[in-house]
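Structure at a glance
Single-letter residue listing:
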Amino acid sequence: VSIYLAVDIGGTQMRAASYPAESIQPLSYLRITTYSSGTTPLLRLYELISSIWPKDDKVAGIGVVAPGPINSREGILLAAPNIPEWRNLALQKELEEHFNVPVALGNDANLAALGEWKYGIGRDHHHLIYLTISTGIGSGIIIDDEILEGAAGLGAELGHITVLPEGPFCGCGQRGHLEAVASGTAISHWVQEKINEHVVTSLPANRKLTAKDISIAAREGDRLAKEAFERAGKFIGWALADFLHIFNPTIVIFGGGVSQSGSLLLNPINDELKKRVMSPQYLENLLVTNAALGDNAGLLGALALVRKVTIKEM
Ligand SMILES: [Zn+2]
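This report concerns the structure included in the present document. (Residues numbered from 1 in each chain as written. Predicted model: local features only at pLDDT ≥ 70, side-chain atom pairs only at ≥ 80, totals over all residues. Heavy atoms only, no water.)

**Re the environment of Pro69**
Put simply, the test is: A run of H or I in DSSP becomes a helix once it reaches four residues, and a run of E becomes a strand once it reaches two; helices and strands are each numbered from the N terminus. Burial here depends on accessible area, computed with a 1.4 Å probe over protein chains only, as a share of the maximum for the residue type. Under 20% is buried, over 50% is exposed, and the range in between is partly exposed. We call two residues in contact when some of their heavy atoms are within 4.5 Å.
Summarising the element assignment, Pro69 is placed in the loop between strand 4 (58-66) and strand 5 (70-71). With a relative accessible area of 37%, Pro69 lands in the partly exposed category. Pro69 sits 218 residues away from Leu287 along the chain, and the two C-alpha atoms are 28 Å apart. With near-sequence residues (within four places) excluded, Pro69 lies in contact with Ile76, Leu77, Leu78 and Ala79.

Quick look at the structure:
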């Protein structure tokens, strides 16, 4: 019997799950810390995979969710913001040589998109956009049932399009990107700025606010908090109208913590979409919805990727 392994590498924790050939019900699941004294993150990763390795069955391949930008053609992790010692790491080759099975590597947003497309809310769709809105804004695009990656695997970065040329700095170092005005971090910064300008609000002035704090206040009717989500949703809807013009998907899926704020964000997004699309046809067969797989979207995307790659290789 062939078993597939999927691994999700984060800056604080690494998770792994094993799956039978055709199901998405894991046979086993393990989680360890990325850092531990006297060892390195790469050795921890080997340890995690060895621990979940099945005793009696054959492993057909390992799918890996990389913790940063990758060159997916060559399986190289270019950088990992939360694991600084990993730069230009040939992660695919390292793992293939160590474990002697095929390894497939993908970035977290692309694999979450793939997971939702194959096993989640995006099943039965051939053209899909996935946007994860949390501390940053990540994205994955599937066109004609294939992940869109570009020449070196660096494409489909929808969070890093310019919506305010002279706007605030983005996590990537550039200015005015969608992520810099509409991510959870951006929502908190904007509210903090308004509090510093003494705008009236029920939110406390003396502690760091999260997007979640602000969403709770918005639901309780706080005007500043509501405005913060309306503003972020407007920028996202504005950008999304452009994405519809470019990709013409039949489903747009929102993942990430900030998308849990529901209608606070979705209403302004939908309002802006209606105003900005150049023809109502773009919206006719379009489903705009929240993700279905939650935290497991990445793991299941890695599973979908490694199944696809190994079946192609055979
Ligand atoms: Zn950026």
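Structure's up, so let's keep going.
**Description of the pairing of strand 4**
To be explicit about the condition: Strand pairing is assigned whenever DSSP detects at least two bridges linking the two strands.
Along strand 4, eight of the nine residues are buried, which leaves the element largely enclosed by surrounding structure. Bridge count between strand 1 (residues 2-9) and strand 4: seven bridges; the pairing is parallel. When the sheet's bridge partners are listed, Ser2 is paired in strand 4 with Lys58.

**A few points about the layout of surface pockets**
By rolling a water-sized probe across the atoms, one finds the places where empty space is left. Note the cut-off: Here the term cavity refers to a set of points on a 1 Å grid, laid over the protein atoms alone, in which a 1.4 Å probe fits but cannot get out; the term pocket refers to an open set having protein on both sides within 12 Å along at least five of seven lines, with lining residues being those that place an atom within 4 Å of a point. Grid points are joined across faces, edges and corners, and a volume is the space filled by probe spheres set on the points. The residue classification treats Ala, Val, Leu, Ile, Met, Phe, Trp, Tyr, Cys and Pro as nonpolar and Asp, Glu, Lys and Arg as charged. All others, Gly included, are polar.
In this structure, the largest pocket encloses a volume near 1600 Å³. Elements with a contribution of two residues or more to the lining of the largest pocket: strand 1, strand 2 (13-20), strand 4, helix 3 (108-119), strand 9 (128-133), strand 10 (137-143), strand 12 (251-255) and helix 10 (297-313). Counting residues per element, the lining of the largest pocket draws most heavily on helix 3, which supplies four residues. For the lining of the largest pocket, the class distribution of residues is 16 nonpolar, 23 polar and eight charged. As a volume, the second largest pocket reaches approximately 390 Å³. Every residue lining the second largest pocket is counted, 17 residues in all, and those nearest its centre are Ser72, Arg73, Glu149, Leu305 and Val309. Looking at the lining of the second largest pocket, the elements with two or more residues in it are strand 8 (103-107), helix 3, strand 11 (146-147) and helix 10. Partitioning the lining of the second largest pocket into residue classes produces eight nonpolar, four polar and five charged.

**Digging into the coordination of the zinc ion**
Using the following cut-off: Excluding water, the donors of a metal are its N, O and S neighbours within 2.8 Å, or within 3.2 Å for Na, K and Ca, and that exclusion means sites may look incomplete. Think of it this way: with four donors and all angles in the 85 to 135 degree range, the site is tetrahedral; with four or six donors, opposite ones beyond 155 degrees and the rest between 65 and 115, it is square planar or octahedral; otherwise it is irregular.
Bound to the zinc ion on the protein side are His160 (ND1), Cys170 (SG), Cys172 (SG) and His177 (ND1), at distances that span 2.0 to 2.3 Å. If you look at the zinc ion, its four donor atoms make angles of 100 to 117° with each other, and the shape they trace is tetrahedral. When the donor residues of the zinc ion are listed from N- to C-terminus, their spacing reads H-x9-C-x1-C-x4-H. Comparing Cys170 with His177 shows no difference in burial state: the two are buried.

**Quick look at the sheet that holds strand 12**
This is how the line gets drawn: Only the contacting stretch of a helix is used when fitting its axis, a line to C-alpha atoms as for every element, and angles between N-to-C directions run 0 to 180 degrees.
Here we have five strands laid out as an open sheet, ordered 11-10-9-12-13, and mixed in their pairing. What marks the edges here is a single partner per strand, and that holds for strand 11 and strand 13 (287-290). One ladder, built from six bridges, connects strand 9 with strand 10; its direction is antiparallel. What sits directly across from Tyr130, in strand 10, is Gly140. Sheet strands in contact with helix 3 are strand 9, strand 10, strand 11 and strand 12, and its direction is about 50° off that of strand 10.

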